[in-house]
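# Fold and contact review
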Amino acid sequence: MNKPSPIKDFISGGIGGMAIVSSGHPLDTIKVRLQTQPKLKPGEKPKYSGTLDCFKTTIRNEGLRGLYKGMAAPLIGVTPMFAVCFFGFGIGKKLQMKSENDSLNSFQIFNAGMLSGLLTTGIMAPGERIKCLMQIQSDSGSAKYAGPLDCAKQLYRESGIRGIYKGTCATLLRDVPATGAYFTSYELLLNTLTPEGKSRSDLGPFRVLFAGGMAGVFNWMVALPADTLKSRLQTAPEGKYPRGVRDVFRELIREEGVGALYKGITPVMLRAFPANAACFLAVEITMKILNWIAPNL
Ligand SMILES: CC(=O)O[C@H](CC(=O)[O-])C[N+](C)(C)C
């Protein structure tokens, strides 16, 4: 068994982040577009009738590039964010270990995951704000932002750092419990899939892919309601929700009912399994390489 190493967690998490963005961004764009569709007036038809329609309309109107809109921001933001996410999880585990080989129970793993969710919010909240604004851009008429950097500059000019960090509470609400579920389900599944007498590092890629994919599904089962509120808040015109996520919640329940919290569930779940399977496989492979080239790091 290799000793816990925050540096290795950081590096392998970053590589996992690159894997997740490249494999999952198109479905993420569809999710945000479905989540942020305005409420219909009587007799009005929705811009997108569902996941497939949103996919086809985007390709028809914007080409394949439309699905990859806003990917630069998550790639720049998600790589360090996943690095911090896995680093935070490693630190969370280490803080609860009595010795280097101590194994933790599910409650302790969940705590470590929640700490990771807390730490990542500092990077996640502004990254999500810019990504969501870029992703819905074609829906809001002529392009307001030339790119993610321009978007960040304009937000800063209009409302300062608060403008960039709009949606931080909603991001915490989403990611603290969801990251707990993410790592707990991954660890539980991987332990269950490890045959008697074998260690986790002996496991082949298919088991890692399965456990990673399911961790993504569990993450989103917990995260999706808060994610819908977050997407709406972060893409709303300035001043629309003065009390933040609470106002979005009240309006959504009043006007659309509880079901609206799960808008975008199809693209979310379609993306969650493969993207997170790719992420955890990339993390485990990177960790193996790092343990091989730098066993004492
Ligand atoms: C919201 C999010 O980024 O979820 C991550 C998984 C995914 O599908 O992107 C997990 N985590 C919040 C732990 C980074």
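This is a predicted model, so every value here is computed, not measured. (Residues numbered from 1 in each chain as written. Predicted model: local features only at pLDDT ≥ 70, side-chain atom pairs only at ≥ 80, totals over all residues. Heavy atoms only, no water.)

Across soluble globular proteins, you tend to see nonpolar side chains buried next to one another. Ranked by size, the top nonpolar core spans 25 residues in total, and within it Phe82, Phe86, Phe183 and Phe280 carry the most contacts. For this core, the secondary structure elements donating two or more residues are α1 (6-35), α3 (72-96), α4 (106-135), α6 (168-193), α7 (205-235) and α9 (265-293). Counting residues per element, this core draws most heavily on α3, at six residues. In this structure, Leu229, Ala236, Tyr241 and Leu261 belong to the second largest nonpolar core, which totals 10 residues. (Core = buried A, V, L, I, M, F, W, Y, C linked by side-chain atoms within 4.5 Å. Buried < 20%, exposed > 50% of the residue type's maximum accessible area, 1.4 Å probe, protein only. Helix = DSSP H or I, 4+ residues; strand = E, 2+ residues; numbered from the N terminus.)

Every residue near the ligand is listed here: Ile20, Phe82, Cys85, Met124, Arg174, Asp175, Thr179, Tyr182, Asn219, Trp220, Arg271 and Asn276. Between the ligand and Asn276, the relevant distance is 2.9 Å, taken from an oxygen atom to a side-chain nitrogen or oxygen of the residue. Contact with the protein chains hides 96% of the accessible area of the ligand, taken as 360 Å² for the molecule alone. Looking at the shell around the ligand, the elements with two or more residues in it are α3, α6, α7 and α9. With four residues, the single largest contributor to the shell around the ligand is α6. (Near = heavy atom within 4 Å. Polar contact = N/O pair within 3.5 Å; in protein donor to acceptor, adjacent residues only side chain to side chain. Areas by Shrake-Rupley, 256 points an atom, 1.4 Å probe, with all protein chains shown as cover.)

Before going further, it helps to spend a moment on the UniProt feature "repeat: Solcar" (unreviewed entry) in the protein. As recorded in UniProt, the feature "repeat: Solcar" (unreviewed entry) lies at residues 4-95, 104-192 and 203-289. In the segment residues 4-95, helix accounts for 72% and strand for 0%; the C-alpha atoms at its two ends are 11 Å apart. For the annotated span residues 203-289, helix accounts for 78% and strand for 0% of the residues, and the straight-line distance between the end C-alpha atoms is 15 Å. (UniProt positions renumbered as here; feature names shortened; annotations may be inferred.)

Further remarks concern the pattern of salt bridges. A full pass over the atoms with the stated rule returns 19 salt bridges. As a salt-bridge pair, Asp28 and Lys31 come within 3.4 Å of each other at their nearest N and O atoms. Within this pair, Asp28 and its partner Lys31 are both found in helix α1, separated by three residues, close to a single helical turn. Here the two residues Asp28 and Lys31 agree in accessibility, since each one is buried. Where Arg33 meets Glu62, a salt bridge forms, and the shortest distance between an N and an O atom there is 2.8 Å. Here Arg33 is found in helix α1, whereas its partner Glu62 is found in helix α2 (residues 51-62), with 29 residues between them in sequence. Overall, Glu62 belongs to the partly exposed group, its relative accessible area being 23%. In the salt-bridge network here, residues are joined through shared partners; they are Asp28, Lys31, Glu128, Lys131, Arg174, Asp175, Asp227 and Lys230. (Salt bridge = Lys/Arg side-chain N within 4 Å of Asp/Glu carboxyl O.)

Below, the discussion takes up the UniProt feature "transmembrane region" (unreviewed entry) in the protein. If you check UniProt for "transmembrane region" (unreviewed entry), the listed places come out as residues 66-89 and 109-127 in our numbering. Between the C-alpha atoms that bound residues 109-127 the distance is 26 Å, and the span itself is 100% helix and 0% strand.

Time to look at the packing of aromatic side chains. Applying the stated criterion across every chain yields a total of 10 aromatic pairs. Judged by centre distance (3.9 Å) and plane angle (5°), the rings of Phe89 and Phe183 are stacked. Residue Phe89 is found in helix α3, and its partner Phe183 is found in helix α6; the two are separated by 94 residues along the sequence. (Phe/Tyr/Trp six-rings, centres within 6.5 Å; stacked < 30°, edge-to-face > 60°.)

We now examine the state of the cysteines. Applying the stated criterion to the full structure yields zero disulfides. With no disulfide of its own, Cys169 lies 16 Å from the sulfur of Cys132, the closest cysteine sulfur. Taking relative accessible area as the criterion, Cys169 reaches 57% and is therefore assigned exposed. (Disulfide = S-S within 2.5 Å.)

Before going further, it helps to spend a moment on α9. The terminal C-alpha atoms of α9, which comprises 29 residues, lie 41 Å apart, in line with the 42 Å expected from a rise of 1.5 Å per residue. Along α9, the sharpest kink reaches roughly 30°, centred on Ala272 and followed within four residues by the proline Pro274. (Expected span 1.5 Å × (residues − 1). Bend = angle between axes of the 7 residues up to and from the residue.)

Once that is clear, we can look at a nonpolar patch on the surface. Together, Ile7, Phe10, Ile11, Ile15, Met18, Leu75 and Leu297 line one region of the surface with nonpolar side chains, adding up to about 560 Å² of accessible area. With five residues, α1 is the largest single contributor of residues to the nonpolar patch. You can call Leu297 partly exposed: its relative accessible area is 39%. (Patch = residues over 30% accessible without salt bridge, like charges linked within 9 Å, V, L, I, M, F, W, Y side chains within 5 Å.)

Examined against the element boundaries, Asn291 turns out to sit in helix α9. Taking the relative accessible area as the measure of exposure, Asn291 reaches 17% and is therefore buried.

Another aspect to go through is the side chain of Glu251. Structurally, the position occupied by Glu251 is in helix α8 (residues 245-256). Despite its burial, Glu251 pairs with no opposite charge, the nearest such side chain being Lys240 at 4.0 Å. Of note is the side chain of Glu251, whose polar atom sits 2.8 Å from the side chain of Tyr241. Beyond its immediate stretch of four places on either side in the chain, Glu251 contacts Lys240, Tyr241 and Glu256. (Lys, Arg positive; Asp, Glu negative; His and termini not counted. Contact = heavy atoms within 4.5 Å.)

Turning our eyes to something else, we now look at the environment of Pro74. Tracing the sequence through the fold places Pro74 in helix α3. Looking at Pro74, the relative accessible area reads 7%, which means it is buried. Aside from chain neighbours lying at most four places away, what touches Pro74 is Val21, His25, Thr79 and Lys131.

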